[in-house]
Every structure is written in structure tokens, then in C-alpha cells.
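Here's the letter readout for the chains.
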Amino acid sequence: PPDAPVIASLGHLSPHKRIDVALRAFRRVRTYDPQALFVIAGGESPGLNLDRQVGMLGLGAAVRRLGYIAEASVPDLLAAADVVVGAESPNVTVA
């Protein structure tokens, strides 16, 4: 939906990025706005099992997994996001 909040995570997904914590927080966001969307772009470390985590939290319909995206697509994804968590890209600067 055009006015739904979009949360995004970019870069390789590994345990140190604490995507599990971000997903639990996102589940709480969905209680306030059921149309919120979490977009995840990047490869996944072996053993992370993100699909299982998403399923256990009941977020399957609210999480979009893009896998690896070309670096040229990063600015568009950042522009579409309202919040970015755990970003890991040369084009992402944290101020």
C-alpha cells in the first residue's frame, strides 16, 4: 500500500545484525499499523534460518525477501524505506 510504513534491512544477513530483534520489534509495529512492510535485501548466513523466524512470528505476509540486489538498486530501496535497520552498504551512511 502506498502509505504503509516500510522498514528495510540491507546487506548480508548474519547473527551480529540482530535481525531477530528487528523482526520482533516489527511485529509490535504491526499491532499499530497492520499494513507495515519489512523488506530484507541481501544474502543470508548459513544457519540463520530467517524463513523460520519470520514464520514463528507470524510475519510471512508482511516480510518481503529480495535476496541479493544489485548495488544500483540500493538507492531506490532506501528511498522507498521509512526506516532502515542493520544497513550494510557502501552507499549507506549513518549520521
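Everything in this summary refers to the structure shown in the same document.

1. Concerning the overall build of the protein
- Along its length, the protein carries 3 helices and 4 strands.
- Long-range pairs, those at least 24 residues apart, make up 76% of the contacts in the protein between residues at least 6 apart in sequence.
- Of the roughly 5800 Å² of accessible surface on the protein, a fraction of 56% belongs to carbon and sulfur atoms.

2. Let's talk about the nonpolar core
- Core analysis: the largest hydrophobic core is formed by 16 residues, its most contacted members being Ile19, Leu23, Phe26, Phe38, Leu50, Leu59 and Val63.
- Within the residue set of this core, elements represented by two or more residues are helix H1 (19-32), strand E2 (37-41) and helix H2 (50-56).
- Counting residues per element, this core draws most heavily on H1, which supplies 4 residues.
- Grouped together as the second largest cluster of nonpolar side chains are 7 residues, Leu10, Val39, Val74 and Leu77 included.

3. Observations regarding the pattern of salt bridges
- Tallied over the entire structure, the rule returns 4 salt bridges.
- As a salt-bridge pair, arginine 18 and aspartate 20 come within 3.6 Å of each other at their nearest N and O atoms.
- The partner of glutamate 44 in a salt bridge is arginine 65, and the shortest N-O contact between them spans 2.7 Å. With a gap of 21 residues between them, glutamate 44 in the loop between E2 and H2 and arginine 65 in strand E3 (residues 63-67) connect regions that are remote in the sequence.
- Of the residues examined, glutamate 44 reaches a relative accessible area of 27% and is grouped as partly exposed.
- Each of Arg18, Asp20 and Arg24 takes part in a single network of salt bridges with overlapping partners.

4. Here we look at the sheet that holds strand E1 (residues 6-10)
- As summarised here, the arrangement of the 4 strands in space is E3-E2-E1-E4, forming an open sheet in which the pairing is parallel. The open sheet has two edge strands, E3 and strand E4 (83-84), and neither has a second partner.
- Summarising the sheet, E2 and E3 pair through 4 bridges and their orientation is parallel. Note on E3: the bridge partner recorded for alanine 41 is glycine 67.
- Contacts between H1 and the sheet are confined to E1, E2 and E3, with E2 contributing the most and set at about 160 degrees to the helix.

5. Section: the pairing of E2
- Among the 5 residues in E2, 4 count as buried, and that is most of the element.
- Each parallel crossover has a hand, and for E1 linked through H1 to E2 it is right-handed.
- Regarding the hand of the β-α-β motif, the stretch spanning E2, H2 and E3 is right-handed.

6. Some thoughts on unusual backbone geometry
- In this model, asparagine 49 sits at a positive phi of 55 degrees, which is unusual for a non-glycine residue.
- Looking at where asparagine 49 falls in the secondary structure, it is placed in the loop between E2 and H2.

Criteria and thresholds
- Residues numbered from 1 in each chain as written.
- Predicted model: local features only at pLDDT ≥ 70, side-chain atom pairs only at ≥ 80, totals over all residues.
- Heavy atoms only, no water.
- Helix = DSSP H or I, 4+ residues; strand = E, 2+ residues; numbered from the N terminus.
- Contact = heavy atoms within 4.5 Å.
- Areas by Shrake-Rupley, 256 points an atom, 1.4 Å probe, with all protein chains shown as cover.
- Core = buried A, V, L, I, M, F, W, Y, C linked by side-chain atoms within 4.5 Å.
- Buried < 20%, exposed > 50% of the residue type's maximum accessible area, 1.4 Å probe, protein only.
- Salt bridge = Lys/Arg side-chain N within 4 Å of Asp/Glu carboxyl O.
- Pairing = 2+ DSSP bridges.
- Axes fitted to C-alpha atoms, helices over the stretch in contact; angles between N-to-C directions.
- Right-handed = clockwise from strand over helix to strand, strands pointing away.

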